[in-house]
Amino acid sequence: MYALHQEQKFRKDSRVKEIDLINRDPKLINEDVVKVDFEDVIAEPSGTHSLDGVWKTSYTTFTVSKYWCYRILTAILGIPVSLLWGFLFACLSFCHIWAVMPCIKSCLIESQCVSQIYSLAVHTCCDPLFEAVGKIFSRVRVALHKDV
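Residues numbered from 1 in each chain as written. Predicted model: local features only at pLDDT ≥ 70, side-chain atom pairs only at ≥ 80, totals over all residues. Heavy atoms only, no water.

### Quick word on the overall build of the chain
Counting secondary structure elements, the chain contains three helices and zero strands. Per-residue burial for the chain yields a buried fraction of 1% across its 148 residues. Accessible surface computed for the chain: about 14,600 Å², of which carbon and sulfur atoms make up 68%. Of the charged side chains in the chain, 16 are positive and 16 negative; the average position of the first set lies 9 Å away from that of the second. (Helix = DSSP H or I, 4+ residues; strand = E, 2+ residues; numbered from the N terminus. Buried < 20%, exposed > 50% of the residue type's maximum accessible area, 1.4 Å probe, protein only. Areas by Shrake-Rupley, 256 points an atom, 1.4 Å probe, with all protein chains shown as cover. Lys, Arg positive; Asp, Glu negative; His and termini not counted. Charge placed at Lys NZ, Arg CZ, Asp CG, Glu CD.)

So this is what it looks like as structure tokens:
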């Protein structure tokens, strides 16, 4: 009894997922979308260069402000927005599972019944006609000869 209780205690819950804090985009869904660096936004062509100090300060200002603005926005809005997205995807899942799929299955069942009736009608009416036309043209012979 005690061993069974210990086994249940240490058994992992399949709904709990370990979070990777290093690789936060394992499926690479934001690979090409949000990778915006200083060089992607601000670039000086040859012959038009600002002072080196201004360029370095601009680079540092852009990078640090982008980093901290993202951090502050996620600290303030990350949890409410994730709650909103969780709610939205839960509603979508609910609608898909409890409304969309039953409607699709119902339509498939109904269309299968209609398709059997349609198939019977087509075979009854059209098969004799097609067989008769096939017998008429079965006697046609095509001969190809080359004129020189």
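Having seen it, we continue.
### So, the UniProt feature "transmembrane region" (unreviewed entry) in the chain
Under the UniProt annotation, the feature "transmembrane region" (unreviewed entry) is placed at residues 72-99. Across residues 72-99, helical content stands at 100% and strand content at 0%; the span's end C-alpha atoms are separated by 39 Å. (UniProt positions renumbered as here; feature names shortened; annotations may be inferred.)

### As for the packing of aromatic side chains
Counted by the stated rule, this structure contains six aromatic pairs. Ring centres of tyrosine 67 and tryptophan 68 lie 5.4 Å apart, and the angle between their planes is 85°; this geometry places the pair in the edge-to-face category. (Phe/Tyr/Trp six-rings, centres within 6.5 Å; stacked < 30°, edge-to-face > 60°.)

### Digging into the environment of leucine 84
Secondary-structure assignment places leucine 84 in helix H3 (residues 52-138). Distance from leucine 84 to valine 122, taken between C-alpha atoms, is 53 Å for residues 38 residues apart in sequence.

### Quick notes on unusual backbone geometry
Within the chain, leucine 28 stands out as a residue other than glycine whose phi angle is a positive 55°. Along the chain, leucine 28 falls in the loop between helix H1 (2-10) and helix H2 (38-41).

### Considering the confidence of the model for the chain
Mean pLDDT over the chain stands at 87; residues scoring 70 or higher make up 91%. Element-level mean pLDDT values for the chain span from 56 in H1 up to 94 in H3. (pLDDT = per-residue confidence, 0-100.)

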